[in-house]
Amino acid sequence: MNELKWDCAQLVGVAHLDEQHRLHRKLVMDLLRTLETQPSDAKAEAAFIDIFENAVIHFRAEEDYLEAQGYPDIVPHRFEHELLLDWFRDQMVERDGPHARPLIQLVKELGTIFQQHHATVDQDYATWLQAREKATSSP
Ligand SMILES: [Fe+2]
Ligand SMILES: [Fe+2]
């Protein structure tokens, strides 16, 4: 995988979720920049785990919000979150073994996965929320 281009987090129109998405992007891009200049940075492994923990918190917040809104596609969305967390757990197991890949490679992969999630399934609920907003605000 080559360069990760991730200029800004796509908005979903819900303030606290947009803020969490912005933070995800920042954590990933900051870690990537650190690893590009210092590939064996001592704090990088901890930063990777920090991103995982932030993802857990965000997914829970997003699912709670969507559930409260009655979002019809909550089940497949939750499943996508589970797949993403499984990816993280697999990487963490691999990091303790003999076939650990360079962390920078994982961070690029993670950035691509997050970005895709934001641009697809997260946008799906944003579109649904907007449509519902329109339907309830029109006379
Ligand atoms: Fe999501
Ligand atoms: Fe999200």
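Source: prediction; values computed, not measured.

A few points about the overall build of the protein
Phase 1: Summing up its helical and strand segments, the protein has 5 helices and 0 strands in all.
Phase 2: Each helix (α) and strand (β) of the protein, taken in turn from the N terminus, gives the series α-α-α-α-α.
Phase 3: Its C-alpha atoms give the protein principal-axis dimensions of roughly 60 × 25 × 20 Å.
Phase 4: A burial count over the protein gives 18% of its 139 residues as buried.
Phase 5: For the protein, restricting intrachain contacts to residue pairs at least 6 apart in sequence, the fraction spanning at least 24 positions comes to 73%.

Considering the packing of helix α3 (residues 74–95) against helix α4 (residues 103–119)
Phase 1: Viewed as axis vectors pointing N to C, α3 and α4 meet at an angle of 175 degrees, and their least axial separation amounts to 12 Å. Considered as vectors, α3 and α4 are oriented roughly antiparallel to each other. In contact with Glu80, Leu84, Trp87 and Gln91 of α3, α4 contributes Leu106, Ile113 and His117.
Phase 2: The residue inventory of the contact of α3 with α4, partitioned by class, reads 4 nonpolar, 2 polar and 1 charged.

Looking at the packing of helix α1 (residues 15–37) against helix α2 (residues 44–69)
Phase 1: Between α1 and α2, whose axes approach to 10 Å, the crossing angle comes to 165 degrees. Classified by the angle their axes make, α1 and α2 are roughly antiparallel. Taken as a pair, α1 and α2 cross one another with a handedness that is left-handed. Together, His16, Leu17, Gln20, Leu23, His24, Leu27, Val28, Leu31, Thr34 and Leu35 of α1 and Ala44, Ala47, Phe48, Asp50, Ile51, Asn54, Ala55, His58, Ala61, Glu62 and Tyr65 of α2 make up the contact between the two elements.
Phase 2: Here the contact of α1 with α2 is built from residues that sort into 13 nonpolar, 6 polar and 2 charged.

Here we look at the environment of Asp18
Phase 1: Mapped onto the elements of the fold, Asp18 is located in helix α1.
Phase 2: Note on Asp18: 15 C-beta atoms within 10 Å, which makes it partly exposed.

What to know about α1
Phase 1: Between its terminal C-alpha atoms α1 stretches 33 Å, which fits the 33 Å expected from 23 residues at 1.5 Å a residue.
Phase 2: Each element contacted by the buried residues of α1 is listed here: α2 and α4.

Description of the nonpolar core
Phase 1: Core analysis: the biggest nonpolar cluster contains 12 residues, these being Leu27, Val28, Leu31, Leu35, Phe48, Ile51, Ala55, Leu103, Leu106, Val107, Leu110 and Phe114.
Phase 2: Breaking this core down by element, the ones donating at least two residues are α1, α2 and α4.
Phase 3: Of all the elements, α4 adds the most residues to this core, at 5 residues.
Phase 4: Beyond its immediate stretch of four places on either side in the chain, Ala55 contacts His24, Leu84, Leu85 and Phe88.

As for the confidence of the model for the protein
Phase 1: Taken as a whole, the protein shows an average pLDDT of 93; of its residues, 99% reach a score of 70 or greater.
Phase 2: Put simply, helix α5 (residues 121–137) is where the protein has its lowest mean pLDDT, 93, and α2 is where it has its highest, 97.

Side note on the environment of Val56
Phase 1: Structurally, the position occupied by Val56 is in helix α2.
Phase 2: Using a count of 14 C-beta atoms within 10 Å as the deciding quantity, one classes Val56 as partly exposed.
Phase 3: Considering only alpha carbons, one finds Val56 and Ala119, 63 residues apart in sequence, at a separation of 19 Å.

Conventions we followed
- Residues numbered from 1 in each chain as written.
- Chains lettered and ligands numbered in written order.
- Predicted model: local features only at pLDDT ≥ 70, side-chain atom pairs only at ≥ 80, totals over all residues.
- Helix = DSSP H or I, 4+ residues; strand = E, 2+ residues; numbered from the N terminus.
- Buried ≥ 20, exposed ≤ 12 C-beta atoms within 10 Å, placed from the backbone.
- Contact = placed C-beta atoms within 7 Å.
- Axes fitted to C-alpha atoms, helices over the stretch in contact; angles between N-to-C directions.
- Parallel < 35°, antiparallel > 145°, perpendicular 65-115°, else oblique.
- Nonpolar A, V, L, I, M, F, W, Y, C, P; charged D, E, K, R; others polar.
- Left-handed = near helix turned anticlockwise from the far one by under 90°.
- Expected span 1.5 Å × (residues − 1).
- Core = buried A, V, L, I, M, F, W, Y, C linked by C-beta atoms within 7 Å.
- pLDDT = per-residue confidence, 0-100.

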